[in-house]
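Inside the fold
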Amino acid sequence: MMASHRPANHYCVSRPVYSKRAFDEDNDRQIPESRSFREKLSASSNSRAKQVLKGLFPILDWLLQYPTKQWLPSDVISGVSTGLVCCLQGLAYALLVSVGPVYGLYAAFFPILTYFFLGTSRHLSVGPFPVTCLMVGSVVLTLAPDEDFMRPGNESMVNGTLLESESMEVDISAREAQRIVVASTMTVLIGLFQLGMGVFHVGFLVRYLSDPLVGGFTTAAAVHVLISQLKMVLSVPTHSHNGFFSLAYVLSDVFRNIKQTNVADLVAGLLTIVTVMAVKEINAKFQHKIPVPIPIEVIVTVVATGISYAVDLNSRYGASIVHSIPRGFVPAQFPNIELFGEILGSSFSTAVVGYAVSVSVAKVYAAKHDYKIDGNQELIAFGISNIFCGCFSGFVATTALSRTAIQESTGGKTQVAGLISALMVLIVIVAVGPLLQPLQKSVLAGIVIANLKGMFMQICDVPILWRQNRTDCFIWVFTCISCIVLGLDVGLLTGVVFELGTVVVGFDAVRVFKKRNKALKKIHKLIKKGKLKITENGLVPVAPLGVDNEAFESEQDPEHVEGGAQQEVEDGSRQEIEVEVQVDWTSSLPVNVTVPKVNIHSLVMDFSAVSFLDMMSAKSLRLVIKEFIRIGVSVYIAGCDGTALCFFDDVVTRDLLFLTVHDAILFIKLEASNGNISDPMVDKISQMQDDKEPLPFTEDEDRIETYDNQHLVGSVQFYSW
């Protein structure tokens, strides 16, 4: 009767907690159907070829089944809406790379073409992203600063002397050419890194970029973007700065030249920021009532371009405008390989950041629409896309949450919407582009700043992290401050190292075992010298020089512990009895030995993705398991049938195998509730008792028999292999 009240998508499963041995006892293994080698080879070859082909070109998985009548109208509407935003963001984000706006259009066009065939996400909007654009831009400014392109300008003569300070100006065309070479070369190298990581299946590296680390990094990147665009909104001259404390130097230049602010640019920038942010709030608040989000960036751009052209802001008020957006494409060019050595580190960090951002966004929408994302294929797709884009003078592409949200919320079903958005960008490149030449750069900067709100709102995560997990909070804050002070590339590396220090280093089981034995050896010596006394409650110190300590008068003598008085054999010698010494490794020890804390009592390894272990792997795994067992940490393996693990013995038995991680966790909880995990650790020490003489202990550490069983509450560690 109760089941009738449950929703239709709810189900319950009731079964015993299964270890592998218990499951095999209750169920018979089905013998697979026998086929000839030729049949197996033929079937395997055909299925393998199809699998490889679909893996390399995920488009084959859905394009042949594309329901045109149901999905095409939605994809067209979504593609048009997203394409308009792509155009404007491409123009705006080119400012972050310090190249001409037309190259932002290239970056918004070329990557979509290759991702359409190679990508596994159906909703990702591929193109420029402010964080990665800024990382490329910082390298561009470092390798091609204004100072390298100074040329003689309008010379002035005083008494026949040339005034050098007034005779130099920036060769803009030469600077522009060199900067796009640096940006496109770095984009190709980023693509090569991503392609290599995808081919060698090292996408797991992104696991070390946790949510707190990415949150702190992107928030710091938003600060960098804001300050870099501040000079555009104010239209004041600044020098090129990069590296440590670069933000402080930029702000210093801005405030030093604040009196040169162009009022027309400032007003246009501020109005753009306020208008775009206000309308985006309306779009978010009424998203269920508005069929298509208001394309406010497009509206603002069109209005601002019209006003600038009609009033002639550039000539009359000195406003900084886009000036040149040529029609068409530039010829493809090969990257400058000589620059690879100078941009190697920055390219790798940008490749990892770009991949982490795109995959995290893709997984959100894949979970929402019930399909899977292949991380390694995404690396290959973005790698080839960036190589292709870089060869056509574009810069690095990944994705942006705002564009992807528009593509999905306006009804986009597949990457057909992305292809149509590329068509919209193409129209701007070949036809509409020159009409945007009167547009003020401060308007583009305002669009960039207005789109930073989502990244700045991540600051609200800090109090939540502080309440939930202070380690994650420290990672967020440390990464953010490091990236602000040291720069994005060095700051990211610093944050990763800090995170690894908090989540990967842990404890060394061998070191723990050696330290515990060292401590026990010293305890033996103190007992032998009469400085420690064995009681029912463990070890207590004895007063020096034979003086009794009244504080321990009620404690029992060692000869009365565990069975009362000492017993003598017929020849008068005393028999060896065994006593238990309670050693609580979580508290302070009576000896001066620092024993590392063990914060777990159980370790679960998920082997569901492991299909084979060679001899050396199995041998190493067995050694690791034994190292954990001897310090009191129980080890369990889940999702493995045991046929690949040929290393069982008296210590490492098949009882550690479980069907699933859930079975293993339930078993651990059951063991803890039954009290099978001892608390605290008990070391059984065999010792000879004597009436007056101290207990004789061996000096040989290998003769010490230890049974390490430490219980720490609430500490089950889970690893996925």
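This one's a predicted model, so the numbers in the text were calculated from it and none came from an experiment.

Okay, the overall build of the chain next. Counting its secondary structure elements, the chain contains 23 helices and 14 strands. Counting all 721 residues of the chain, 44% fall into the buried class. When the accessible surface of the chain is summed, it comes to about 37,900 Å², and 59% of that surface belongs to carbon and sulfur atoms.

Bringing the packing of aromatic side chains into the picture now. Tallied over the entire structure, the rule returns 20 aromatic pairs. Consider the rings of tyrosine 103 and tyrosine 106, whose centres lie 5.8 Å apart with planes at 80 degrees: the pair is edge-to-face. Taken together, the positions of tyrosine 103 and tyrosine 106, both in helix H4 (residues 101–118) and three residues apart, correspond to about one turn of that helix. Each member of the pair, tyrosine 103 as well as tyrosine 106, carries the same accessibility label: buried. The rings of Tyr103, Tyr106, Phe109, Phe110, Phe329, Phe388 and Phe392 are connected pair by pair, giving a single aromatic cluster. Note that arginine 122 overlies the ring of tyrosine 371, its terminal NZ or CZ placed 5.0 Å from the centroid. The ring of phenylalanine 513 has arginine 630 sitting right over it, with the charged end atom 3.8 Å from the ring centre.

This part is about the pattern of salt bridges. As enumerated under the stated definition, the model contains six salt bridges in all. For aspartate 253, the salt bridge goes to arginine 256, with nearest N and O atoms at 2.7 Å. Taken as a pair, aspartate 253 and arginine 256 lie in helix H8 (residues 246–256) at a separation of three residues, close to a single helical turn. With relative accessibility at 5%, the residue aspartate 253 sits in the buried group. For arginine 256, a relative accessible area of 54% puts it in the exposed group. Between glutamate 297 and lysine 280 there is a salt bridge, with its nearest N and O atoms 3.0 Å apart. Taken together, the residues glutamate 297 in helix H10 (residues 296–311) and lysine 280 in helix H9 (residues 263–285) connect sequence positions 17 residues apart. Residue glutamate 297 is classed as buried on the basis of its relative accessible area of 2%. Its relative accessible area of 24% is what places lysine 280 among the partly exposed residues. Linked by salt bridges that have partners in common, Asp146, Arg175 and Arg179 make up one network.

With that out of the way, let us pick up the environment of serine 393. For serine 393, the location among the structural elements is in the loop between helix H13 (375–391) and strand S6 (398–399). With 210 residues separating them along the chain, serine 393 and alanine 183 place their C-alpha atoms 7.9 Å apart.

Within the secondary structure layout, valine 353 lies in helix H12 (residues 340–368). Filtering out sequence-adjacent residues up to four positions away, valine 353 remains in contact with Val131, Thr132, Met135, Phe217 and Leu492.

With that settled, consider the UniProt feature "domain: STAS" (unreviewed entry) in the chain. In the numbering adopted here, UniProt assigns the feature "domain: STAS" (unreviewed entry) to residues 603–639. Regarding residues 603–639, the helix share stands at 41% and the strand share at 24%, and the terminal C-alpha atoms are separated by 14 Å.

What counts and what doesn't
- Residues numbered from 1 in each chain as written.
- Predicted model: local features only at pLDDT ≥ 70, side-chain atom pairs only at ≥ 80, totals over all residues.
- Heavy atoms only, no water.
- Helix = DSSP H or I, 4+ residues; strand = E, 2+ residues; numbered from the N terminus.
- Buried < 20%, exposed > 50% of the residue type's maximum accessible area, 1.4 Å probe, protein only.
- Areas by Shrake-Rupley, 256 points an atom, 1.4 Å probe, with all protein chains shown as cover.
- Phe/Tyr/Trp six-rings, centres within 6.5 Å; stacked < 30°, edge-to-face > 60°.
- Lys NZ or Arg CZ within 6 Å of the ring centre and 35° of its normal.
- Salt bridge = Lys/Arg side-chain N within 4 Å of Asp/Glu carboxyl O.
- Contact = heavy atoms within 4.5 Å.
- UniProt positions renumbered as here; feature names shortened; annotations may be inferred.

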